[in-house]
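These are the residues of each chain, in order.
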Amino acid sequence: SLFNGKWEIDPTQLDELGALLSDLADRNVTPVVLIPPTTTQFAALHPDGQADIDQARADIVEQASAHGVAVADFSNLTRDPADFWDTHHLNNRG
């Protein structure tokens, strides 16, 4: 979302992700953070394009790593628009 005049993950959202991961660990649940693929059109919607997407991914991976949580990064699995319902939701083919 737009935060401080640029597109980035609001730090509160990252804190909430960390709290969720901690809560799951306290309940003996083993989470996996999934990073899905998106289209080049999705990146184009952001002010700094793919750099914004890459930074968001890095922030999420950093938060997961800080909590010892595995990351399944499928961000480069496909960019083919035929694999998506829209710019960032995979369809049955994807």
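Quick look at the structure, then. (Residues numbered from 1 in each chain as written. Predicted model: local features only at pLDDT ≥ 70, side-chain atom pairs only at ≥ 80, totals over all residues. Heavy atoms only, no water.)

### Examining the pattern of salt bridges
Then comes step 1: Overall, the coordinates contain 5 salt bridges when judged by the stated rule.
Then comes step 2: The partner of Arg27 in a salt bridge is Asp23, and the shortest N-O contact between them spans 3.1 Å.
Then comes step 3: On the basis of relative accessible area, Asp23 is assigned to the partly exposed category, the value being 31%.
Then comes step 4: Arg57 is the partner of Asp54 in a salt bridge, and the nearest nitrogen-oxygen pair spans 3.1 Å. Linking Asp54 with Arg57, this pair stays in helix H3 (residues 50–66), spanning 3 residues, or about one helical turn. (Salt bridge = Lys/Arg side-chain N within 4 Å of Asp/Glu carboxyl O. Buried < 20%, exposed > 50% of the residue type's maximum accessible area, 1.4 Å probe, protein only. Helix = DSSP H or I, 4+ residues; strand = E, 2+ residues; numbered from the N terminus.)

### Examining the packing of helix H1 (residues 11–26) against H3
Then comes step 1: Two numbers describe how H1 lies on H3: the axes approach to 9 Å, and their chain directions differ by 30°. By the angle between their axes, H1 is roughly parallel relative to H3. The hand of the H1/H3 crossing is right-handed. Between H1 and H3, the contacting residues are Leu14, Asp15, Leu17, Gly18 and Leu21 on the first element and Asp59, Ile60, Gln63 and Ala64 on the second.
Then comes step 2: Considered class by class, the residues forming the contact of H1 with H3 number 5 nonpolar, 2 polar and 2 charged. (Axes fitted to C-alpha atoms, helices over the stretch in contact; angles between N-to-C directions. Parallel < 35°, antiparallel > 145°, perpendicular 65-115°, else oblique. Left-handed = near helix turned anticlockwise from the far one by under 90°. Contact = heavy atoms within 4.5 Å. Nonpolar A, V, L, I, M, F, W, Y, C, P; charged D, E, K, R; others polar.)

### Things to note about unusual backbone geometry
Then comes step 1: Look at Asn28: it is not a glycine, yet its phi comes out positive at around 60°.
Then comes step 2: If you trace the backbone, Asn28 turns up in the loop between H1 and strand S3 (32–35).

### Looking at the pairing of S3
Then comes step 1: Here S3 shows a clear split, with Val33 and Ile35 buried on one side and none of Val32 and Leu34 buried on the other.
Then comes step 2: With 4 bridges joining them, S3 and strand S4 (residues 70–73) adopt parallel strand pairing. Along S4, the bridge assignment pairs Leu34 with Ala72. (Pairing = 2+ DSSP bridges.)

### Side note on the side chain of Asp59
Then comes step 1: You can see Asp59 is positioned in helix H3.
Then comes step 2: We classify Asp59 as buried; its relative accessible area is 18%.
Then comes step 3: Engagement of the side chain of Asp59 in a polar contact is seen with the side chain of Gln55, the distance being 2.7 Å. (Polar contact = N/O pair within 3.5 Å; in protein donor to acceptor, adjacent residues only side chain to side chain.)

### Re the side chain of Asp83
Then comes step 1: Tracing the backbone through its elements, the reader meets Asp83 in the segment after S4.
Then comes step 2: Here Thr78 takes part through its side chain, which lies 2.6 Å from a polar atom of the side chain of Asp83.
Then comes step 3: Not counting residues up to four positions away in its chain, the partners in contact with Asp83 are Thr78, Leu90, Asn91, Arg93 and Gly94.

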